[in-house]
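# Chain and residue survey
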Amino acid sequence: MSSIRPWRTVMRRQCRQIMVGSVPVGGDAPITVQTMTNTPTADARATIDQIRRCEDAGADIIRVSCPDEASTAAMREITRAARIPVVADIHFHYKRALEAADAGAACLRINPGNIGSSDRVAEVVRAAKANGCAIRIGVNAGSLEKDLLEKYGEPCPEALVESALDHIKLLQDHDFHQYKVAVKASDVFLAVAAYQALSEAVDCPLHLGITEAGGLIGGTVKSAIGIGSLLWAGIGDTIRVSLSAEPEEEVRVGFEILKALGLRTRGVRIVSCPSCARQGFDVIRTVEALEKRLSHIKTPLSLSVLGCVVNGPGEARETDIGLTGGGNGKHMVYLSGVTDHTIESEAMLDHIVRLVEAKAAELEAGAAADGDPVPA
Ligand code: SF4
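Residues numbered from 1 in each chain as written. Predicted model: local features only at pLDDT ≥ 70, side-chain atom pairs only at ≥ 80, totals over all residues.

As annotated in an unreviewed UniProt entry, the chain carries the name 4-hydroxy-3-methylbut-2-en-1-yl diphosphate synthase (flavodoxin) and is attributed to Novosphingobium aerophilum. For the record of the chain, the UniProt heading Pathway (unreviewed entry) holds the text "Isoprenoid biosynthesis; isopentenyl diphosphate biosynthesis via DXP pathway; isopentenyl diphosphate from 1-deoxy-D-xylulose 5-phosphate: step 5/6." UniProt, in its Catalytic activity (unreviewed entry) section for the chain, records the words "(2E)-4-hydroxy-3-methylbut-2-enyl diphosphate + oxidized [flavodoxin] + H2O + 2 H(+) = 2-C-methyl-D-erythritol 2,4-cyclic diphosphate + reduced [flavodoxin]". (UniProt positions renumbered as here; feature names shortened; annotations may be inferred.)

Rendered as structure tokens:
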């Protein structure tokens, strides 16, 4: 229902586009949401099951740790089963990168400066080129190179950027350009300043993250501030929210950040009030139930759920479906912003679920008739 206005528009930084498997990253491609599995990678079944849950939550790209040979041995089965590109996370052991590339990884997360000789870098680049893999350089404030720590005295934006540029140079020296870069820190100020400086120094896509952000609530807030402020400034092409929570939660939070900035639309966007003594029904329990029962819907649409007429009609005007609490257990339902009918408390939840599902089906049918993909 809402229209585009200049003050609501993010002007994205221009950068090259690379492909991570079938998913474009950078350029004018939608900003992608990534997460990382936490099952033992060698347990292919458990890892595939977790990837499925992340796919259902909307993940565009999934990262899988490859700490040992047993993990890369499982990668072939994992990459075949995954419906989204798989990034192999490699630290130090360049042979794991060669094995992962051969096993179908779409991208290697590896810092070329950490794997030893130039011959090894050349081997990794050769394997990436031969298998159509991208590379993600991941600089982290917690594992900065010793010489940079000595030079700068502490992790700082300049040190993170210099580290990234050093790794980039190694790839460029081997004529490899399908890379994206991250400069993560758990400190929001440090991460944001580093990404700002990096965005001016390179033309490749940037992978955003506030690393080790914390638990579900604290980490969500930190990520929303750090990743959100960068995205708002137009910086960032793919994001990973780092939470001590299940990977599906990271995906959900990632999408919420993008949805809040109008950068992606996916599923039902619920506008709801915090509730107060004026509420005509239990807003908190209703929204909790609706979030669960509508989580399968991928088509973007909006639903407002407000406890009373103070703000209900105004929000309902801006959403596809609106519900506003009334007196005597009867509540007003709005369709396309217009008052339509009332519904009683007992039947309200099932009724709203049915209305939203019908609206989603109608939008999907319209998109199919026009030959458009369902936007997400
Ligand atoms: S919309 Fe009504 S019930 Fe909800 S917080 Fe505002 S005044 Fe309270």
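Now for the sheet that holds strand β12 (residues 301-306). Spatially, β11-β12-β13-β14-β15 is the arrangement adopted by the five strands of the open sheet, whose pairing is mixed. Here the strands that pair on one side only, and so sit at the sheet edges, are β11 (268-272) and β15 (338-344). Ignoring strand direction, the axes of neighbouring strands in this sheet form an average angle of 20°. The pairing of strand β14 (residues 330-335) with β15 spans six bridges and is antiparallel. Of the residues in β15, the one forming a bridge with histidine 331 is isoleucine 343. The strands that helix α10 (residues 283-293) touches are β11 and β12; relative to β11, the one it contacts most, it runs at about 175°. (Pairing = 2+ DSSP bridges. Helix = DSSP H or I, 4+ residues; strand = E, 2+ residues; numbered from the N terminus. Axes fitted to C-alpha atoms, helices over the stretch in contact; angles between N-to-C directions. Contact = placed C-beta atoms within 7 Å.)

Attention shifts here to the site of the ligand. Lining the immediate environment of the ligand, one finds Cys273, Pro274, Ser275, Cys276, Arg278, Gln279, Leu306, Gly307, Cys308, Val310, Asn311 and Gly312. Residue composition of the shell around the ligand, grouped by class: six nonpolar, five polar and one charged. (Near = placed C-beta within 6 Å. Nonpolar A, V, L, I, M, F, W, Y, C, P; charged D, E, K, R; others polar.)

By a widely used convention, the size of an interface equals the accessible area lost when the partners come together. What the domain assignment lists for the chain is domain 1 (11-260) and domain 2 (268-369). Summarising the inter-unit geometry, the C-alpha centres of domain 1 and domain 2 are found 38 Å apart. (Domains from an automatic or database assignment.)

Moving on: the packing of helix α1 (residues 44-57) against helix α9 (residues 247-260). The N-to-C vectors of α1 and α9 enclose an angle of 15°; their axes lie 9 Å apart at closest approach. In terms of orientation, α1 and α9 fall into the roughly parallel class. The hand of the α1/α9 crossing is right-handed. Where α1 abuts α9, its residues Gln50, Arg53, Cys54 and Ala57 lie against Pro247, Glu248, Val251 and Arg252. (Parallel < 35°, antiparallel > 145°, perpendicular 65-115°, else oblique. Left-handed = near helix turned anticlockwise from the far one by under 90°.)

Looking now at the UniProt feature "domain: IspG C-terminal" (unreviewed entry) in the chain. UniProt's entry tags residues 270-357 with the feature "domain: IspG C-terminal" (unreviewed entry), counted in the numbering of this structure. Along residues 270-357 one finds 34% helix and 30% strand; the C-alpha atoms at either end are 14 Å apart.

Where burial is concerned, the two faces of strand β13 (residues 321-324) agree: the one with Ile321 and Leu323 and the one with Gly322 and Thr324 are both buried. Of the strand pairs in this sheet, β12 and β13 are connected by four bridges, and their pairing is parallel. By the bridge assignment for β13, leucine 306 is matched with threonine 324. Once the chain exits β12 it traverses helix α11 (residues 312-317) before rejoining the sheet at β13, and the crossover so formed is right-handed. With four bridges joining them, β13 and β14 adopt antiparallel strand pairing. Paired with isoleucine 321 across the bridge in β14 is leucine 335. Taken together, β13 and the strand that follows it, β14, pair antiparallel across an intervening segment of five residues, in which asparagine 328 is found at a positive phi of about 55°. (Buried ≥ 20, exposed ≤ 12 C-beta atoms within 10 Å, placed from the backbone. Right-handed = clockwise from strand over helix to strand, strands pointing away.)

Glancing now at the environment of glycine 307. Inspection of the secondary structure puts glycine 307 in the loop between β12 and α11. On the basis of neighbour counts, which here come to 26 C-beta atoms within 10 Å, the residue glycine 307 falls in the buried class. If we skip the residues at most four places from it in the chain, glycine 307 touches Cys273, Ser275, Cys276, Arg278, Gln279, Gly280, Phe281, Val283 and Gly325.

Looking now at the environment of aspartate 203. Assignment of secondary structure puts aspartate 203 in the loop between α7 (188-201) and β9 (207-208). For the pair aspartate 203 and arginine 13, spaced 190 residues apart in sequence, the C-alpha separation works out to 9.3 Å. If near-sequence neighbours (up to four positions away) are discounted, aspartate 203 is found in contact with Cys15 and Arg16.

Here the UniProt feature "domain: IspG TIM-barrel" (unreviewed entry) sits at residues 16-254. With 47% helix and 18% strand, residues 16-254 has end C-alpha atoms that lie 23 Å from one another.

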